[in-house]
Amino acid sequence: MFSKINGKVVKVDLNQSGPVVARRGAMLFYTGMVQFAPHQVPGAGGMPGMGGIAGMAGRMMQGEHERTMLAQGNGVVHYGFRGLEVHVVDLSAGGDLRVEASRLLGYTASLQSSVVSMSAPPAGGGGGGGGFLGALRNAATGMVTGSGMFTTQLSGRGTAVLLGHGGFLELQVGGPAPVVVDPQSFIAASGSVRTELKSAMSWRNAGRSGGEGLQLECTGQGIVYVQASEEKL
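Residues numbered from 1 in each chain as written. Predicted model: local features only at pLDDT ≥ 70, side-chain atom pairs only at ≥ 80, totals over all residues. Heavy atoms only, no water.

### Here's the deal with the overall build of the chain
Working step 1: Secondary structure assignment for the chain yields three helices and 15 strands.
Working step 2: Sequence separation of 24 or more characterises 83% of the internal contacts of the chain that already satisfy a separation of 6 or more.
Working step 3: Put simply, the chain shows about 11100 Å² of open surface, and 56% of that area lies on carbon and sulfur atoms. (Helix = DSSP H or I, 4+ residues; strand = E, 2+ residues; numbered from the N terminus. Contact = heavy atoms within 4.5 Å. Areas by Shrake-Rupley, 256 points an atom, 1.4 Å probe, with all protein chains shown as cover.)

Spelled out as C-alpha cells, the structure:
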C-alpha cells in the first residue's frame with residue numbers, strides 16, 4: 001500500500017501492494033526490478049464514430065482522464081508530482097472514492113477505476129439529481145471547480161493518493177447539517193456523498209460576496225477531502 005515519506009512524496013512496495021497505477025511523470029525513483037507500461041482507465045477512451053451528445057460526452061470523458069502508467073514487479077517505487085502535497089486515502093475496508101483525475105496521483109490496481117458522470121448518484125446509494133437537469137447542474141459545478149461533467153471513480157479495496165495545495169482536511173459528512181465548502185478547495189469525496197452547487201448571492205449582495213458567492217453543499221454519508229487553498233491544479 002502507499003505510505004507517505006513526507007508531505008510531498010509517497011512510496012509503495014510492489015511486493016506487498018501488487019501492481020499500482022500512477023499518472024505519467026510522477027515516478028521519482030525506484031529500487032528493485034520494476035516494469036512500467038501504459039495504462040488505460042475503462043470508459044476514458046471516448047466514443048469513436050459517435051456524433052451529437054454521445055460524441056461530446058466521449059470527448060469530455062477523454063478529457064477527464066490523465067495519462068497513467070502501470071508499475072509491477074518486485075521493488076519499491078517513490079512518487080511525487082510538481083511538488084504538490086499528497087494525501088493517502090485508505091480504502092482497505094472497501095468503498096468508493098470520486099476524485100477529479102487531475103487531483104489523483106495514483107492508486108493500487110486492486111481498485112476498480114472508471115469514468116462516471118457527475119450527475120450519477122454515488123455508488124453507495126443516494127440521489128444527487130440525475131437526468132438532463134442534473135447533468136446541466138453538474139456541468140455548472142464543473143465549470144466553477146475546474147472539473148468537468150465526468151469524474152474518476154475508484155471502487156473496491158486498496159489505497160489511493162490525492163494531490164493538492166497547502167495540505168488536506170478530512171470533513172465528515174452525515175450530521176444534521178450539510179457540509180459546505182468552497183468549490184475551488186474541493187478535492188474528492190468518499191462514501192455516499194452527494195454534492196450540489198449553491199449560490200449565496202442575491203440582488204442585494206451581488207458584487208460583495210468576497211468570492212464566496214458559489215458554494216458546494218455536501219450531504220449524505222462519507223468524507224469530503226479539501227485542500228487548504230483555492231488554487232487549481
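### Regarding the packing of aromatic side chains
Working step 1: Tallying each qualifying case throughout the model produces two aromatic pairs.
Working step 2: Aromatic pair Phe 2 and Tyr 79: ring centres 6.2 Å apart, planes at 55°, arrangement tilted. Linking Phe 2 in strand 1 (residues 2–6) with Tyr 79 in strand 5 (residues 68–79), this pair joins segments that are 77 residues apart in sequence. Tyr 79 shares its class with Phe 2; the two are buried.
Working step 3: Arg 23 extends its terminal NZ or CZ atom over the ring of Phe 81, reaching a point 4.1 Å from the ring centre. (Phe/Tyr/Trp six-rings, centres within 6.5 Å; stacked < 30°, edge-to-face > 60°. Buried < 20%, exposed > 50% of the residue type's maximum accessible area, 1.4 Å probe, protein only. Lys NZ or Arg CZ within 6 Å of the ring centre and 35° of its normal.)

### Re the confidence of the model for the chain
Working step 1: Residues at a pLDDT of 70 or more form 70% of the chain, whose mean pLDDT is 80.
Working step 2: The lowest-confidence element of the chain is helix 2 (residues 52–64), averaging 45 in pLDDT; the highest-confidence one is strand 2 (residues 9–13), averaging 98.
Working step 3: Scored below 50 in pLDDT, residues 45–64 shows 22 contacts in the model against residues more than four places distant or in partner chains. (pLDDT = per-residue confidence, 0-100.)

### So, the environment of Thr 152
Working step 1: Secondary-structure assignment places Thr 152 in strand 10 (residues 150–155).
Working step 2: Looking at Thr 152, the relative accessible area reads 6%, which means it is buried.
Working step 3: Taking the C-alpha atoms as reference points, Thr 152 and Ser 114, separated by 38 residues in sequence, lie 5.9 Å from one another.

### Considerations on a nonpolar patch on the surface
Working step 1: On the surface, a cluster of nonpolar side chains totalling about 440 Å² of accessible area is made up of Met 27, Leu 28, Phe 29, Tyr 30 and Phe 36.
Working step 2: Inspection of the secondary structure assignment puts Met 27 in strand 4 (residues 27–39).
Working step 3: Taking relative accessible area as the criterion, Met 27 reaches 33% and is therefore assigned partly exposed. (Patch = residues over 30% accessible without salt bridge, like charges linked within 9 Å, V, L, I, M, F, W, Y side chains within 5 Å. Salt bridge = Lys/Arg side-chain N within 4 Å of Asp/Glu carboxyl O.)

### Describing the environment of Thr 159
Working step 1: Relative to the helices and strands, Thr 159 is located in strand 11 (residues 159–164).
Working step 2: The class for Thr 159 is buried, based on a relative accessible area of 4%.
Working step 3: Separated by 70 residues in sequence, Thr 159 and Val 89 have C-alpha atoms that sit 5.6 Å apart.
Working step 4: Among residues more than four places away in sequence, those in contact with Thr 159 are Met 1, Phe 2, Val 88, Val 89, Asp 90, Leu 91, Tyr 107, Thr 108 and Leu 111.
Working step 5: There is a polar contact of 3.3 Å between the side chain of Thr 159 and the backbone nitrogen of Phe 2. (Polar contact = N/O pair within 3.5 Å; in protein donor to acceptor, adjacent residues only side chain to side chain.)

### Brief notes about unusual backbone geometry
Working step 1: Despite not being glycine, Arg 82 has its phi angle at roughly 55°, a positive value.
Working step 2: Judged by its relative accessible area of 72%, Arg 82 is exposed.

### Here we look at the pattern of salt bridges
Working step 1: Applying the stated rule across the entire model yields two salt bridges.
Working step 2: Between Lys 198 and Glu 196 there is a salt bridge, and its shortest N-O distance comes to 3.9 Å.
Working step 3: Note on Lys 198: relative accessible area 33%, which makes it partly exposed.
Working step 4: In this structure Glu 196 comes out as partly exposed when scored by relative accessible area, which is 32%.

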